[in-house]
Amino acid sequence: MGYADELPAPGTPQGRSGLERLLQAPRSAVVALDFDGTLAPIVPDPDRARAHPDAVPALAALAPKVAAVAVVTGRPAEVAVRYGGFDGVPGLEHLSVLGHYGAERWDAGTGEITAPPPHPGVAAARAELSAVLERAGADEGTWVEDKGRAVAVHTRRARDPQGAFDALRDPLDALAARHGLIVEPGRMVLELRPPGMDKGVALGEYVRELGASCVLYAGDDLGDLPAFAAVEKLRADGVPGLLVCSGSSEVTELADRADVVVDGPEGVVRLLAALAHRLP
């Protein structure tokens with residue numbers, strides 16, 4: 001991979017403390033990462049998203065040297081495992097995938113997924129969605145992704161992606177509210193999903209479950225802001241953390257709060273490989 005000596009320097013005191021602790025005590029560190037836009041490049045069709053070709057080798061080199069590695073994603077856990085190529089990889093025996101914002105969990109050791117029953121509001125919203133989009137005059141490039149426990153409306157293929165995104169905010173907010181759901185905005189996507197779980201809740205519970213003494217989180221999108229907030233809360237409670245933004249000109253708020261900004265999934269892979277090289 002040729003990434004071994006490219007560990008970036010955090011731009012904040014908190015980030016420097018987080019990285020220092022990770023390097024000093026890796027066996028009690030959690031490394032957690034988003035999938036789309038962080039481990040996998042963003043593509044027009046999410047069904048064609050796949051992990052960066054060097055992501056799994058970098059994770060497999062790093063994972064045995066830290067307490068745990070987790071992928072925290074809005075995708076179904078099974079889909080993230082398949083698109084990431086995580087199953088059966090030597091070195092990733094203790095990987096966890098927290099899918100549907102933590103509502104599902106896949107553990108590499110068992111290959112099993114655990115999850116609560118689906119929220120009935122998702123099926124009800126799905127049944128109404130076509131009519132809502134038609135009434136809203138949705139662009140013909142707008143399309144729907146059924147995630148099982150959630151349903152997402154994508155506007156990246158529309159003639160005016162941002163305009164289509166903005167026009168659908170209010171109608172989808174109203175649809176979600178009628179069925180006890182929330183709308184999670186992302187990069188040209190609006191996802192209707194159950195409340196009560198987000199990447200911050202999932203990450204915080206995972207770190208506490210393992211008793212980790214430090215945490216690294218990398219993400220790229222608005223849905224990663226709760227995970228950033230969870231790391232900030234952990235830092236306030238005395239658990240050092242490092243926040244990494246997989247750089248995107250579409251989501252500047254994440255970059256503004258990050259300790260390190262890297263150049264998309266390529267930069268994330270470089271960071272993971274450099275960490276693996278530095279750790280004993």
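Everything in this summary refers to the structure shown in the same document. (Residues numbered from 1 in each chain as written. Predicted model: local features only at pLDDT ≥ 70, side-chain atom pairs only at ≥ 80, totals over all residues. Heavy atoms only, no water.)

For the rest of this paragraph, the subject is the overall build of the chain. A tally of regular secondary structure across the chain gives nine helices and 12 strands. The C-alpha atoms of the chain give 18 Å as radius of gyration, which agrees with the globular expectation for 280 residues (19 Å, within 12%). Summarising its shape, the C-alpha atoms of the chain cover approximately 60 × 35 × 35 Å along the three principal directions. Out of the 280 residues in the chain, the part that is buried amounts to 55%. Across the chain, contacts joining residues at least 24 apart in sequence account for 68% of those joining residues at least 6 apart. (Helix = DSSP H or I, 4+ residues; strand = E, 2+ residues; numbered from the N terminus. Rg over C-alpha atoms; globule rule 2.2 N^0.38 Å. Buried < 20%, exposed > 50% of the residue type's maximum accessible area, 1.4 Å probe, protein only. Contact = heavy atoms within 4.5 Å.)

Here helix α1 (residues 13-24) spans 16 Å end to end across 12 residues, near enough to the 16 Å set by a 1.5 Å rise per residue. Among the residues of α1, those classed as buried are Gly15, Gly18, Leu19 and Leu22. Axial view of α1: buried residues confined to an arc of 95°, hence all on one face. Across α1 from its buried face, at more than 90 degrees, point the exposed residues Pro13 and Gln24. For α1, the elements touching its buried residues are β1 (29-33), β10 (214-219), α7 (225-236), β11 (241-246) and α9 (264-278). (Expected span 1.5 Å × (residues − 1). Arc of directions from axis to C-beta.)

Turning to the packing of helix α6 (residues 199-210) against α7, a few remarks are in order. Where α6 meets α7, the closest approach of the two axes is 6 Å, and the angle between their N-to-C directions is 40°. Classified by the interaxial angle, the pair formed by α6 and α7 is oblique. Here the hand of the crossing between α6 and α7 comes out right-handed. From α6, Lys199, Gly200, Leu203 and Val207 reach across to α7, where they touch Pro226, Ala227, Ala230, Val231 and Leu234. Looking at the contact of α6 with α7 residue by residue, the class counts come to seven nonpolar, one polar and one charged. (Axes fitted to C-alpha atoms, helices over the stretch in contact; angles between N-to-C directions. Parallel < 35°, antiparallel > 145°, perpendicular 65-115°, else oblique. Left-handed = near helix turned anticlockwise from the far one by under 90°. Nonpolar A, V, L, I, M, F, W, Y, C, P; charged D, E, K, R; others polar.)

Okay, the pairing of strand β3 (residues 96-99) next. Because side chains alternate across β3, one face comprises the buried residues Ser96 and Leu98, and the other comprises Val97 and Gly99, equally buried. Pairing geometry for strand β2 (residues 68-72) and β3, over three bridges, is parallel. Within β3, the residue paired with Val72 across the bridge is Leu98. For the handedness criterion, the β-α-β arrangement of β2, helix α3 (residues 77-84) and β3 is classed as right-handed. One ladder, built from four bridges, connects β3 with strand β4 (residues 104-107); its direction is antiparallel. Each residue of the ladder has a partner; that of Leu98, found in β4, is Arg105. (Pairing = 2+ DSSP bridges. Right-handed = clockwise from strand over helix to strand, strands pointing away.)

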